[in-house]
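# Understanding the architecture of this molecule
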Amino acid sequence: MRTVARVAADTTQRDYKILDPPGLTALLASLATRVRLGGVPSDWRVREVGDGNLNLVFLVDGPAGSVCVKQALPYVRAAGPSWPMTLERAFFENAYYSTVAPHVGARIPEIFHYDPALYCTVMECLSGHIILRQGLIAGRRYPHVARDLGEFVARACFWTSSFALSCEAKMEAERLFAANHALTRISVDLIFGDPYRLSERNRHTSPQLDSLAAEMRADSALKVAVARMGMKFMTQSEALLHGDLHSGSVMVTPEDSRVIDPEFALYGPIGFDLGAFFGNLLLSWFAQPGHATSQDDRIAQQEWLWQQAVEFWNTFHVTFLGLWSASCEGDAYPKGLWSTAQDFVALQAARNAYLEGTFADMLGFAACKMIRRILGFAHVQDFESIPDPARRAHCETGALTLARHVLTHPRQFPSLNALRDALTRRGE
Ligand code: SR1
Ligand code: MG
C-alpha cells in the first residue's frame, strides 16, 4: 500500500483564497501541468461548472487540451457561508485517490497536481463523459458501468482491508482517514439522524409526503434499524471507503466509467459503498415512471436498471472472492492457518458467510441512502427533475416504502430474488 504524506495537519490556511478565473489561470501558469493546455495563459478558457453540494469545479480549455480543477470551499456550497466546512476534504480526496490508484487502474481520473495551500486538485478533464445520474434520468444505458463499479468496489476495498494489509499498515491507514471528521459528521447526521427527526435541514415533497414522513419519524422499529446501520458505519472498520458512491460520483461514456469525488473517504463497512451505488440504482428505478412519455413508458429502462443492480453485486461478489482466494497476505484469515481439506471446506464456508453479511449490509445501507435522499437535506435529480409534485411523490413513496420494509424486515431479503419481488410490488 502506498504511503500518503500526512500533510493535512501541517498546512496553514493563511495562503488559501477562493479561486476565480484570473487566480486559477495564474496558478496553472506556474505549474508543469500547463503543457497539457498548450499556448499561453491568455489562450485559456476557464469555466466554473460545479453543481455539487460542496465545491467549486472549473474546466480549463487550452489549444492543446483541457484540465479539471476542483477546489474545496470553506462552507457547504449548497447551503452557503451559514454552514461552514473545513477545507481538509480536498486532502482526504487526494489521499483516497493515491491509495486506491495502484489497485483500480483507469477507474479514477488521472491526478496531475494537488495544492495543499489552496486545497485544490488539478486532474484529467473527462470531457467526453457525463455524470451517470444524468444519463439514467435521460433513459440512457451504459453497458459496462455495473461491472466496472462492482470490480472497483471489490478491488478498492479488498486491497485496503485486513485481507491484504498487516494489522500495522491497516491501523496507520485508519489513523490517516480517521481525521476526516467533518465529512463523516455530515454522513452521520444527514444519513442516520436527520431524516428521522424534525430538522430545519430536511425537506420533502409537501404536502403529499407529510404524513408518511411523520409516520417514519414515529416508527420505533425503523429508527432502531437505522441506528443499527449507523453504529455499523461508525464502528465496522473493514476497508477504505469512497464514502459517497452515488450515481453522481460516477462519470460515464458508453465504453468507460470513472469514479470521482471521494472526499468523504473513511474506513468503514464495505456494504456502505456497495449500498450507495446499489441504492442509487434503485432510486433511479423508482424515478423512471416520473420520466415516462407517450413514446417511452420507461419499463424497459427499469428492467435494465434492475439487471445493473444484479450485475453490480454479482461482479463485486466474484471479484472479491477471487481476490481473497488468490491472495491473502494480510493478517485477517492468515494464510498459514489452512492446510487440511477440512480446513479449506471450513474456510470456504466462512468466506460465503462473510459475503452474506456484506450483502445484508449493502441492502441496509442502500435503504438508508434511499430514505435520506427523499426526506433529508440533499435530494437527487432523479426525483427533483419530475416537475409534477403528485407524480414525483408517487415515485418517492414507492422508494420510501421499500426502503422502510428492507430495514425493518431484513430477514425477508436473503437474496436478490426476494428484493426483486418486493421491488415489483412497490413499483406498481
Ligand atoms: C452537505 S453535503 C450533502 C451531501 O452531498 C454529498 O453528495 C453527500 O452525499 C452529502 O451527504
Ligand atoms: Mg460529491
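Residue positions within a chain follow its written sequence, with the count starting from 1. Lettering of chains starts at A and numbering of ligands starts at 1, both following the order in which they are written. In keeping with the predicted nature of the model, local features appear solely for residues at pLDDT of at least 70, side-chain atom pairs appear and are counted solely at 80 or more, and the whole-chain, interface and lining totals rest on all residues. The side-chain figures draw on all heavy atoms in the structure; neither hydrogens nor water molecules are used.

### A short note on the packing of helix α10 (residues 270-287) against helix α14 (residues 389-408)
Helix axes are fitted only over the stretch in contact, all axes being lines through C-alpha atoms; the angle between N-to-C directions runs from 0 to 180 degrees. By definition, any uninterrupted DSSP run of H or I lasting at least four residues is a helix, any uninterrupted run of E lasting at least two residues is a strand, and each is numbered from the N terminus. Across the interface, α10 lies against α14 with an axial gap of 8 Å and an inter-helix angle of 140 degrees. When the axis of α10 is compared with that of α14, the two are oblique. Note that α10 runs across α14; the crossing there is right-handed. Taking contact as the criterion, the partners of L282, L283, F286 and A287 in α10 are, on α14, C395, G398, A399 and L402. Three classes are used: nonpolar for Ala, Val, Leu, Ile, Met, Phe, Trp, Tyr, Cys and Pro, charged for Asp, Glu, Lys and Arg, and polar for all others, with Gly counted as polar. Here the residues of the contact of α10 with α14 are counted per class, giving 7 nonpolar, 1 polar and no charged. In what follows, roughly perpendicular refers to angles from 65 to 115 degrees, roughly parallel to angles under 35, roughly antiparallel to angles over 145, and oblique to any angle outside these ranges. By convention, the crossing between two helices is left-handed when the near helix turns anticlockwise from the far helix through less than a right angle, and right-handed when the turn is clockwise. Only heavy atoms matter for contacts: two residues are in contact if any of them lie within 4.5 Å across the pair.

### Some details on the domain arrangement of the protein chain
Interface extent is often summarised as the accessible area lost during association of the parts. Residue ranges assigned to each domain were obtained from an automatic or database domain assignment. What the domain assignment lists for the protein chain is domain 1 (2-124) and domain 2 (130-427). Here domain 1 and domain 2 have C-alpha centroids that lie 27 Å from each other. On the side of domain 2, 31 residues touch domain 1, which itself brings 27 residues to the contact. Between domain 1 and domain 2, roughly 2,600 Å² of surface is buried when both sides are summed, and carbon and sulfur atoms account for 66% of that area. Accessible area that two parts lose when put together, with a 1.4 Å probe and added across both, is what the buried area reports. Considering only the surface of domain 1 that becomes buried against domain 2, F92, Y96 and R107 emerge as the three largest contributors, covering 31% of it. The salt bridge criterion pairs a side-chain nitrogen of Lys or Arg with a carboxyl oxygen of Asp or Glu, the two atoms within 4 Å. One salt bridge connects D256 with R107, and the closest N-O pair in it is separated by 2.9 Å. When residues in the side of domain 1 that touches domain 2 are grouped by element, the largest group, 11 residues, is from helix α3 (residues 89-104). Classifying every residue of the side of domain 1 that touches domain 2 by side-chain character gives 16 nonpolar, 5 polar and 6 charged.

### What about unusual backbone geometry?
If a residue is not glycine, its phi is most likely negative; likewise, a peptide bond is most likely trans. With an omega of 10 degrees, the peptide bond running from S206 to P207 counts as cis. When you line up the elements, P207 lands in the loop between α7 (181-192) and α8 (210-217). Phi is positive for D261, close to 60 degrees, though the residue is something other than glycine. Mapped onto the secondary structure, D261 falls in the loop between β11 (257-259) and β12 (266-268). Look at R298: it is not a glycine, yet its phi comes out positive at around 70 degrees.

### A word on the packing of aromatic side chains
Aromatic pairing here means that ring centres of Phe, Tyr or Trp (its six-membered ring) are within 6.5 Å. Orientation follows from the plane angle: under 30 degrees is stacked, over 60 is edge-to-face, and everything else is tilted. Applying the stated criterion across every chain, the model contains 24 aromatic pairs. A ring pair is formed by W313 and F316, whose centres lie 5.5 Å apart and whose planes are at 35 degrees; its orientation type is tilted. Within this pair, W313 and its partner F316 are both found in helix α11 (residues 299-326), separated by 3 residues, close to a single helical turn. The two residues W313 and F316 agree in class, both being buried. Connected via pairs of aromatic rings, a cluster forms that spans F158, W159, F163, W313, F316, F320, W324, Y333, Y354 and F359. Remark: exposure states derive from per-residue accessible area (1.4 Å probe, protein chains only) relative to the maximum for the residue type, with buried under 20%, exposed over 50%, and partly exposed in between.

### Looking at the site of ligand 1
Near is defined per residue: the residue qualifies when any heavy atom it owns lies within 4 Å of the molecule or strand. By nearness alone, every residue bordering ligand 1 is listed as N53, V76, W83, I186, L190, D244, H246, F264, R372, R373, F377 and A378. At 2.7 Å from an oxygen atom of ligand 1 is found a side-chain nitrogen or oxygen belonging to N53. R373 places a polar side-chain atom, nitrogen or oxygen, 2.9 Å from an oxygen atom of ligand 1. Here the open area of atoms and residues is found with the Shrake-Rupley method and a 1.4 Å probe, where only the protein chains shown may cover a residue. For ligand 1, whose free accessible area comes to 320 Å², the fraction covered by protein is 95%. Method remark: on a 1 Å grid restricted to protein atoms, a set of points is classed as a cavity if a 1.4 Å probe fits but cannot get out and as a pocket if it is open with protein on both sides within 12 Å along at least five of seven lines; lining residues have an atom within 4 Å of a point. Assignment to a cavity or pocket requires that more than half of a molecule's atoms be within 2 Å of the site's grid points. Spatially, ligand 1 is embedded in the largest pocket. Counting only elements with at least two residues in the shell around ligand 1, the list comes to α7 and α12 (341-375). Two domains each provide a minimum of three residues to the shell around ligand 1, namely domain 1 (2-124) and domain 2 (130-427). For the purposes of these results, a polar contact is taken to be a pair of N or O atoms within 3.5 Å, where, inside protein, one atom must be able to donate a hydrogen and its partner to accept one; residues adjacent in sequence count only when each atom of the pair is a side-chain atom.

### A few points about the nonpolar core
Remark: nonpolar core denotes a set of buried residues (Ala, Val, Leu, Ile, Met, Phe, Trp, Tyr, Cys) joined through side-chain atoms within 4.5 Å. Counting 131 residues, the largest nonpolar core has L28, F278, W306, F320 and F383 as its most contacted members. Per-element accounting of this core gives the leading share, 13 residues, to α12. Membership of the second largest hydrophobic core comes to 10 residues, among which are V76, W83, M85 and A378.

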